[in-house]
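# An overview of the molecular structure
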Amino acid sequence: LAAFGRVLSRNSRQESVCIGSPYAGRDEAGTRHVVGYFVNILAMVIEVEAAQSSSLGANDLLLLETRGTVLGAFEHSGVPFHRVVEALKVERDASRTPVFQAMLVLQDGIEENDEDGLAHDDSKKKGTAAKFELTLFTVYSSRSGGLVGTLTYNVDLFDAVTAGRWSEQFCMIM
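Let me sum up the structure you'll find in this document. Sequence order as written defines residue numbering, which begins from 1 separately in each chain. Restriction of local features to residues with pLDDT of at least 70 applies here, the model being predicted, together with a cutoff of 80 or more for giving and counting side-chain atom pairs; totals for whole chains, interfaces and linings are based on all residues. Side-chain descriptors were evaluated using all non-hydrogen atoms of the structure, hydrogens and water having been removed beforehand.

### Some points on the pattern of salt bridges
Where we set the bar: One speaks of a salt bridge when a side-chain nitrogen belonging to Lys or Arg is within 4 Å of a carboxyl oxygen belonging to Asp or Glu. What counts as a helix is a DSSP run of H or I of at least four residues, what counts as a strand is a run of E of at least two, and both are numbered from the N terminus. Burial classes: relative accessible area under 20% of the type maximum marks a residue as buried, over 50% as exposed, and values in between as partly exposed (1.4 Å probe, protein chains only).
For the structure on display, the rule yields one salt bridge. Ionic pairing is found between Glu86 and Arg83, a salt bridge with its closest N-O pair at 3.5 Å. With a gap of three residues between them, Glu86 and Arg83 both fall in helix α4 (residues 81-88), about one helical turn apart. Residue Glu86 is classed as partly exposed on the basis of its relative accessible area, which comes to 48%.

### A closer look at the nonpolar core
Put simply, the rule reads: Among the buried residues, those of types Ala, Val, Leu, Ile, Met, Phe, Trp, Tyr and Cys that are joined through side-chain atoms within 4.5 Å form a nonpolar core.
Counting 19 residues, the largest nonpolar core has Phe4, Leu8, Ile19, Leu134 and Leu151 as its most contacted members. Of all the elements in the fold, those that place two or more residues in this core are α1 (2-12), β1 (16-23), β3 (102-107), β5 (134-141), β6 (146-153) and α5 (160-173). The element contributing the most residues to this core is α1, with five residues. Counting residues in each nonpolar core, the second largest holds six residues, with Phe81, Phe100, Val105 and Phe132 among its members.

### Examining the side chain of Thr66
For the record, the criterion: Definition of a polar contact: a pair of N or O atoms within 3.5 Å, with one able to donate and the other able to accept a hydrogen when the atoms are protein atoms, and with sequence-neighbouring residues admitted only if both atoms are side-chain atoms. In this description, contact between two residues means that some pair of their heavy atoms is separated by no more than 4.5 Å.
Its place among the elements puts Thr66 in helix α3 (residues 58-75). Looking at Thr66, its side chain comes within polar contact range of the main-chain oxygen of Leu62, at 2.7 Å. When near neighbours in sequence (up to four residues on either side) are disregarded, Thr66 contacts Leu1, Ala2 and Ile46.

### Describing a nonpolar patch on the surface
The cut-off we apply is this: Excluding any residue in a salt bridge, patches collect residues exceeding 30% relative accessible area, merging like charges within 9 Å and nonpolar Val, Leu, Ile, Met, Phe, Trp and Tyr side chains within 5 Å. Here the open area of atoms and residues is found with the Shrake-Rupley method and a 1.4 Å probe, where only the protein chains shown may cover a residue.
On the surface, Leu106, Tyr140, Leu147 and Met174 cluster together into a nonpolar patch covering about 420 Å² of accessible area. Take Leu147: its relative accessible area is 35%, and that puts it in the partly exposed class.

### Remarks on the packing of α1 against α5
Between two packed helices, both the angle of their axes relative to each other and the distance between the axes serve to describe the pair. Put simply, the rule is: To obtain each axis, a line is fitted to C-alpha atoms, and for helices this fit is confined to the stretch in contact; angles are then taken between N-to-C directions over 0 to 180 degrees. Oblique is the label for every angle not falling under 35 degrees (roughly parallel), over 145 degrees (roughly antiparallel), or within 65 to 115 degrees (roughly perpendicular). Handedness of a crossing is defined here by the sense of rotation of the near helix relative to the far one, left-handed for an anticlockwise turn of less than a right angle and right-handed for a clockwise turn. Gly is placed with the polar residues, together with every amino acid not listed as nonpolar (Ala, Val, Leu, Ile, Met, Phe, Trp, Tyr, Cys and Pro) or charged (Asp, Glu, Lys and Arg).
The N-to-C vectors of α1 and α5 enclose an angle of 135 degrees; their axes lie 9 Å apart at closest approach. The angle between α1 and α5 places the two elements in the oblique class. Crossing angle aside, the handedness with which α1 passes α5 is right-handed. Note on element contacts: α5 touches α1 through Arg165, Trp166, Gln169, Phe170 and Ile173, opposite Ala3, Phe4, Arg6, Val7, Arg10 and Asn11. In the contact of α1 with α5, the residues fall into six nonpolar, two polar and three charged.

Written out as structure tokens, the structure is:
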């Protein structure tokens, strides 16, 4: 999340970025084995610029602050996303999602068989529409001992060269 936030901040020239991430929502012992859809979207603001000016070290402080942001989001994970949108009084626009436009999906416990690294995906090639402006899908690969992933993007906003550059930046930071 911190690395993705840094890439987004660097390329958007924004000091902070808001990234959405799905959360399984199965914290209660009684819901762990219940069939059903419990996923909620957590919106997390990553303050990249504040970490740049720290004497602790930009990367260390960014990781610490991002950890705090994630833990805070977990504490409020029971609040449905539509309630967050209502509370923030976000003006609705059919052309974009409210609150955040970038999504990070970190899947755990799934074996990845694709090539190691990060690919970027022009969603029109597969005949699907990007749900967000950018979505980084990642999964842990036991074969490589690290993350592998795909960056999906809205082709009306970004081109393959830009997405490829962002994928490379993410891999360098990781």
